[in-house]
Amino acid sequence: MPDPQPISNRQRKIMERQAERNREMTAAKRAQTRTPFREAELQFLSRHPPPDYSTAIDFRQPADVLLKDPRIKQVPLQKRMSEFSELFGAQDDHTGPEFAYLHEDHPGLIYIPAGFTPSAQRTLIKACLKQYSRHPNKSNLDTHYLVPDSGLWDLHENVYTGVQSLEDPAVYVQRKATTDGQPGGYGSDDDDDDDHGDDTGGDKATNASAAPLKTRPKTKPKPTQSSVRTLVPITDETPTVPDNESKNDPVPSAQVPILPPAQLVRKMRWITLGYQYHWPSKTYHFDQNAPFPKELSVLSKAVVEAIDNVSPYPYSAEDFEAEAGVVNYYQLKDRLMGHVDRSELNKDAPLVSFSFGHSCIYLLGGPTRETPPTPILLQSGDILAMTGPCRSAFHGVPRIIEGTLPTYLAARPDEPEWDIYADYLAEARINLNIRQVYPSKHQSAQQPLPSPSS
Ligand SMILES: O=C(O)CCC(=O)C(=O)O
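Residues numbered from 1 in each chain as written. Predicted model: local features only at pLDDT ≥ 70, side-chain atom pairs only at ≥ 80, totals over all residues. Heavy atoms only, no water.

Peer 1: Would you explain the UniProt feature "binding site: Fe cation" (unreviewed entry) in the chain in this entry?
Peer 2: UniProt feature "binding site: Fe cation" (unreviewed entry): in the numbering of this structure it lies at His339, Asp341 and His395. Across 57 residues in sequence, these annotated residues keep their C-alpha atoms within 8.9 Å of one another, forming a single compact spot. Summarising the element assignment, His339 is placed in strand E7 (residues 336–339). For His339, a relative accessible area of 2% translates into the label buried. A polar contact of 2.9 Å, which involves the side chain of His339, links it to the backbone oxygen of Met337. Residue position: Asp341 is located in the loop between E7 and strand E8 (351–357). Using a relative accessible area of 8% as the deciding quantity, one classes Asp341 as buried. (UniProt positions renumbered as here; feature names shortened; annotations may be inferred. Helix = DSSP H or I, 4+ residues; strand = E, 2+ residues; numbered from the N terminus. Buried < 20%, exposed > 50% of the residue type's maximum accessible area, 1.4 Å probe, protein only. Polar contact = N/O pair within 3.5 Å; in protein donor to acceptor, adjacent residues only side chain to side chain.)

Peer 1: Looking at this model, I keep getting lost on the side chain of Gln121. Mind explaining?
Peer 2: Take Gln121: it is sitting in helix H5 (residues 118–131). Residue classification places Gln121 among the buried positions, given a relative accessible area of 1%. Within the local environment of Gln121, its side chain forms a polar contact with the side chain of Tyr408, the two groups lying 3.1 Å apart. Excluding residues within four positions of it along the chain, Gln121 makes contact with Phe116, Phe356, Ser380, Gly381, Tyr408 and Leu409. (Contact = heavy atoms within 4.5 Å.)

Peer 1: I keep staring at the packing of aromatic side chains and nothing clicks. Help me out?
Peer 2: Remark: the centre distance and the inter-plane angle together describe each pair of aromatic rings, the angle taken between the planes. Under the defined criterion, the tally for this structure stands at 16 aromatic pairs. With 4.8 Å between their ring centres and 85 degrees between their planes, Phe116 and Phe354 make a pair best called edge-to-face. Pair noted here: Phe116 is in the loop between strand E3 (109–112) and H5 and Phe354 is in strand E8, with a separation of 238 residues, a long-range link. Ring pairs connect the aromatic residues Trp270, Tyr275, Tyr277, Trp279, Tyr284, Phe286 and Tyr438, which therefore count as one cluster. (Phe/Tyr/Trp six-rings, centres within 6.5 Å; stacked < 30°, edge-to-face > 60°.)

Peer 1: Would you mind showing me how to read helix H8 (residues 294–306) here?
Peer 2: Every α-helical turn comprises 3.6 residues, leaving residues that sit three or four positions apart pointing alike. Helix length check: H8 (13 residues) gives 18 Å between terminal C-alpha atoms against 18 Å at 1.5 Å per residue, within 8%. Among all positions in H8, only Leu296, Leu299, Ser300, Ala302, Val303, Val304 and Ala306 are buried. Those residues of H8 that are buried are in contact with helix H4 (81–84), H5, strand E4 (270–278), E8, strand E11 (383–386) and strand E13 (428–435). (Expected span 1.5 Å × (residues − 1).)

Peer 1: What exactly am I supposed to notice about the pattern of salt bridges here?
Peer 2: Where charged atoms of side chains with opposite charge meet at close range, the side chains can pair. Tallied over the full model, the rule gives 16 salt bridges. Among the salt bridges present, the one from Glu41 reaches Arg38, with a minimum N-O distance of 2.9 Å. Note that Glu41 and Arg38 are positioned in helix H2 (residues 36–45) at a spacing of three residues, about one turn of the helix. Neither Glu41 nor Arg38 differs from the other in exposure class; each is buried. (Salt bridge = Lys/Arg side-chain N within 4 Å of Asp/Glu carboxyl O.)

Peer 1: Looking at this structure, how should I read a positive patch on the surface?
Peer 2: On the surface, Arg10, Lys13, Arg17 and Arg21 cluster together to form a positively charged patch. Within the secondary structure, Lys13 sits in helix H1 (residues 9–33). (Patch = residues over 30% accessible without salt bridge, like charges linked within 9 Å, V, L, I, M, F, W, Y side chains within 5 Å. Areas by Shrake-Rupley, 256 points an atom, 1.4 Å probe, with all protein chains shown as cover. Lys, Arg positive; Asp, Glu negative; His and termini not counted. Charge placed at Lys NZ, Arg CZ, Asp CG, Glu CD.)

Peer 1: Is there a simple way to explain the nonpolar core in this structure?
Peer 2: A general feature of soluble globular proteins is that nonpolar side chains tend to end up buried together. Ranked by internal contacts, the top residues of the largest apolar core, which has 64 residues, are Tyr132, Phe354 and Ile430. Sequence-distant contacts of Tyr132, defined by excluding residues within four places in its chain, comprise Leu124, Ala127, Asn137, Ile271, Leu273, Pro293, Glu295, Leu296, Val327 and Leu432. By size, the runner-up hydrophobic cluster in this structure holds 22 residues, among which are Phe59, Ile72, Met386 and Ala393. (Core = buried A, V, L, I, M, F, W, Y, C linked by side-chain atoms within 4.5 Å.)

Peer 1: What is the right way to read the pairing of strand E6 (residues 324–331) from this model?
Peer 2: Successive residues of a regular strand alternate their side chains across the two faces of the sheet. Buried residues dominate E6, accounting for eight of its eight residues. What you see with E6 is no split at all: Ala324, Val326, Asn328 and Tyr330 on one side and Gly325, Val327, Tyr329 and Gln331 on the other are buried throughout. Judged from the five bridges that link them, E4 and E6 form a sheet pairing that is antiparallel. When the sheet's bridge partners are listed, Ile271 is paired in E6 with Val327. Summarising the sheet, E6 and E13 pair through eight bridges and their orientation is antiparallel. Bridging across to E13, Tyr330 finds its partner in Arg429. (Pairing = 2+ DSSP bridges.)

Peer 1: Explanation requested: the confidence of the model for the chain in the structure shown.
Peer 2: Close reading of the predicted structure is inappropriate where its pLDDT is low. Averaged over every residue, the pLDDT of the chain is 84; the share at 70 or more is 80%. Scored below 50 in pLDDT, residues 183–245 shows 161 contacts in the model against residues more than four places distant or in partner chains. (pLDDT = per-residue confidence, 0-100.)

Peer 1: Quick question: what am I supposed to make of the pairing of E11 here?
Peer 2: The side-chain alternation of E11 yields two buried faces, one formed by Ile383 and Ala385 and the other by Leu384 and Met386. When E3 meets E11, the two strands line up antiparallel, connected through four bridges. Bridged to Ile110 within E11 is Ala385. Direction of pairing for E8 relative to E11: antiparallel, over a ladder of four bridges. Counted as the bridge partner of Val352 is Ala385 from E11.

Listed below in structure tokens is the structure:
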């Protein structure tokens with residue numbers, strides 16, 4: 001090989017200028033092709049400078065301030081939430097909201113601020129972390145770990161309260177696989193301390209995936225498409241019922257770290273309730289129907305009843321059946337990228353969503369990513385129902401807002417058993433959303449049910 005010709009300073013400068021121009025052109029092209037939804041996501045993902053949260057709608061502002069926005073309409077609820085179900089909290093605990101709100105740009109959005117009393121929120125948070133995370137409900141951790149049936153939270157509690165020690169190998173949840181194909185076993189060298197994921201604003205989705213669990217110094221397991229929650233941005237052309245056959249289940253990785261329970265609980269990103277969801281194909285396992293928590297059926301039916309007089313797209317509470325749900329567990333740096341929930345056969349029934357812990361920015365868009373989304377400040381105890389066209393709108397959570405944990409969710413001197421939950425919530429947000437999958441029994445009496453593939 002002949003020696004490369006030396007380049008002159010002038011040539012080097014020309015090459016540098018050309019490279020700079022290419023970079024600028026690529027950035028400009030990328031910006032041109034970004035959809036308004038993506039633009040908004042990027043604004044709220046930004047760490048430096050921090051986002052301008054004042055652009056988000058805060059439905060808890062005093063009504064006279066909130067209603068200065070002509071797009072927002074206030075509708076009185078027929079009764080206070082606690083009258084629909086005592087599970088929203090005792091009436092003497094707080095007065096409970098009297099109003100729901102609608103937004104002109106998002107027909108079918110129903111927003112009930114502070115729907116749950118503080119004590120009702122604490123009860124549901126405990127259930128999300130301790131009960132709902134147990135089998136047969138599946139979690140992202142089940143892909144890679146042999147989570148015991150008694151649940152990860154119980155192990156965490158045992159260590160937290162000193163019932164079991166970190167010296168006890170039994171407190172470490174085993175991997176499902178090892179590199180050499182042997183059954184999983186206890187690891188020794190993993191000390192993963194941070195799985196907050198990439199906050200660069202790139203397209204990479206981090207929340208809710210079992211795959212990006214980091215381990216040092218080995219190679220990171222490659223995220224399999226199937227282990228990623230709805231977070232890989234789907235296109236507007238994504239088929240409603242994707243081909244289940246072509247999307248394989250995620251493969252357990254031998255690279256995931258073995259962690260003390262206090263760290264592993266922070267890797268939990270989602271669990272599914274009722275009909276278990278098959279994330280790779282974005283469809284339900286119709287043959288895997290875990291018992292749906294009774295109290296959540298009651299609560300979600302109560303919301304559907306409460307909004308009956310509010311929604312321009314009413315759905316009879318009698319017809320509403322809570323059949324599937326997702327609990328999303330967000331650490332402070334997690335986010336859920338824009339998506340549409342379109343896997344349910346019944347898209348007329350409202351999707352009911354409860355928020356607990358830190359506040360977040362919730363972006364609500366339209367039927368495609370071309371609709372500029374509205375940022376909403378979603379706070380602990382707020383209830384959101386997506387009905388009518390809003391049920392099929394793009395939405396996502398680009399930001400969890402630090403320093404927004406309500407004081408009633410922090411440690412409580414009179415309730416030491418709350419400490420473990422307060423510690424967890426110090427860096428977390430929980431979202432619980434509930435859906436009806438099938439057409440209602442009343443409707444389907446007239447129309448035969450479609451026979452879904454499992
Ligand atoms: O966390 C939230 O509030 C939204 C969750 C969500 O969009 C989903 O689970 O599909």
